[in-house]
Number of protein chains: 2
Amino acid sequence: MNTAAIVVAAGEGRRIGGCCKALLDLNGRELIRYSLDLFEASELIDGIFAVVHPDFLTRFEKEFAAQWGYRKIIAWVEGGERRQDSVAAALMRVPEEVSLIAVHDAARPLVTEDLLRRLVYSGRAHGAAVPVVEVVDTIKELDAAGRIVRTLPRERLRAVQTPQVFEASLLRRAYRSAAEREIAVTDDASLIEALGHAVAAVEGSIENIKITVPEDMERGELILRRRGLRIKQRQ
Amino acid sequence: MNTAAIVVAAGEGRRIGGCCKALLDLNGRELIRYSLDLFEASELIDGIFAVVHPDFLTRFEKEFAAQWGYRKIIAWVEGGERRQDSVAAALMRVPEEVSLIAVHDAARPLVTEDLLRRLVYSGRAHGAAVPVVEVVDTIKELDAAGRIVRTLPRERLRAVQTPQVFEASLLRRAYRSAAEREIAVTDDASLIEALGHAVAAVEGSIENIKITVPEDMERGELILRRRGLRIKQRQ
């Protein structure tokens, strides 16, 4: 096994009113399955480690695993408190022989093979690669008291998505260092940056949305419908 | 006249494939009309200054003005090169007696009376008030060469929307100062901040989306449909 995918799906989805975000119904299919489908079908990925909410671990292992039949899933992993704890738990299960790891949030079901490919190539070339898109809104920074301190230079800002692709040894080093220094982050690349290692920015996709609030499910369905139309038009 | 609204609608909408973004059809109504409808109906606003693309100014003045019949529109203003040039052009037309100005992008058609009210109150109280929402994505900053430099502290970031509400004298001073110092900005509050004046942050709405790419029109229609349902359920 050369390249592994860690699918982070341990969120409760509090903002979306669910008890297990990974199982939300998007167009008749569980949210997590979009990411699993992609990695299962892609020649770029050899094995999958799916991190799920502790309350549902047994159901995933016993019930869904058999029902869905993904052949590349190596392990269902018990998620931690924070996102980074979940990734750390999965990293413990990834075998030493793996040289490249793609970390992906199941909350981004609409990622494509094309984007994955560009990230894998860039990750191999640079050690760390993340998909980014331009920021549409003006972004301001608050101080600790909630007052607006300044406006950030929008042309220099990028919103970061997943999958984020890393050399396995670099990602392991970053997570060890984060544990020692107790760094809290919202994405894995931040830990690589904290090591002083460069992270390559790859052009992401505005269709690679993150499902956070109920409206995002409708947006996801719109994008799926549009893709279906595009495929029909090509046929 | 006490409170004026400046509706900025001079964009070409290049990313959305239109030649005049203000006239894009959202659910059977021109984009700009959603903002005009709100201000026309609101007791909070006494007069409207609509800034439109120079190529369409005559059509707005002659054709649409009569056809739409808004009574509060004081002037159709010729837009400038950048957004801030458009606002500056409108400011020249706002009478001295006006004490409060709401600057709003027509690209945000789904703003509500409730949000407008909270901003007007806060603007009166603090001199400057803007609607903000939490940032969902991790945001990174690039250097001039396009390399990722750092990850910004997401809990301290806010995406800023419009309408932004200002004391008229403060906004005029900010625009004079910006012209002298040749500051380029993406929102009006940045100019207030550049004066060293505090800007109050008011909780915005995730439904107050900015129409930028074609997908946003579909999102806008979804939100309108949901609002229609909510109104029906209340009846």
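Being a predicted model, the structure only gives us computed values, none of them experimental. (Residues numbered from 1 in each chain as written. Chains lettered and ligands numbered in written order. Predicted model: local features only at pLDDT ≥ 70, side-chain atom pairs only at ≥ 80, totals over all residues. Heavy atoms only, no water.)

Regarding the overall build of chain A
No. 1: Within chain A, the secondary structure is distributed over 7 helices and 12 strands.
No. 2: Computed over C-alpha atoms, the radius of gyration of chain A comes to 18 Å, within 12% of the 18 Å expected from 2.2 N^0.38 for 235 residues, which places it in the range of a compact globule.
No. 3: The principal-axis extent of the C-alpha atoms belonging to chain A is close to 50 × 45 × 35 Å.
No. 4: Going through the 235 residues of chain A one by one, you find that 56% of them count as buried.
No. 5: For chain A, long-range pairs separated by at least 24 residues make up 74% of all intrachain contacts whose partners lie at least 6 apart in sequence.
No. 6: In the structure as shown, chain A presents an accessible area of about 10,600 Å², 47% of it carried by carbon and sulfur atoms.
No. 7: The positive charge centre, built from 34 side chains, and the negative charge centre, built from 35, are 3 Å apart in chain A. (Helix = DSSP H or I, 4+ residues; strand = E, 2+ residues; numbered from the N terminus. Rg over C-alpha atoms; globule rule 2.2 N^0.38 Å. Buried < 20%, exposed > 50% of the residue type's maximum accessible area, 1.4 Å probe, protein only. Contact = heavy atoms within 4.5 Å. Areas by Shrake-Rupley, 256 points an atom, 1.4 Å probe, with all protein chains shown as cover. Lys, Arg positive; Asp, Glu negative; His and termini not counted. Charge placed at Lys NZ, Arg CZ, Asp CG, Glu CD.)

Details of the environment of A:Ser190
No. 1: By the secondary structure assignment, A:Ser190 is in helix H6 (residues 189–194).
No. 2: It is 33 Å that separates the C-alpha atoms of A:Ser190 and A:Phe64, two residues lying 126 residues apart in sequence.
No. 3: Residues in contact with A:Ser190, not counting those within four places in the same chain, are A:Val185, B:Lys140 and B:Thr151.
No. 4: Separated by 2.3 Å, the side chains of A:Ser190 and A:Asp187 make a polar contact.
No. 5: Among the polar contacts listed, one links the side chain of A:Ser190 to the side chain of B:Thr151, at a separation of 3.2 Å. (Polar contact = N/O pair within 3.5 Å; in protein donor to acceptor, adjacent residues only side chain to side chain.)

Structural notes on the packing of aromatic side chains
Residues and elements named next belong to chain A.
No. 1: Per the counting criterion, the structure on display carries 12 aromatic pairs over all chains.
No. 2: Here the aromatic rings of Phe60 and Trp68 are separated by 6.1 Å at their centres, their planes lie at 65 degrees, and the arrangement is edge-to-face. Trp68 matches Phe60 in its accessibility class, with the two residues each being buried.
No. 3: Measuring from ring centre to ring centre gives 6.4 Å for Trp68 and Trp76, while their planes differ by 55 degrees; the resulting arrangement is tilted. By the burial criterion, Trp68 is buried, and Trp76 matches it.
No. 4: By way of ring pairs, the aromatic residues Phe60, Phe64, Trp68, Tyr70 and Trp76 are connected into one cluster. (Phe/Tyr/Trp six-rings, centres within 6.5 Å; stacked < 30°, edge-to-face > 60°.)

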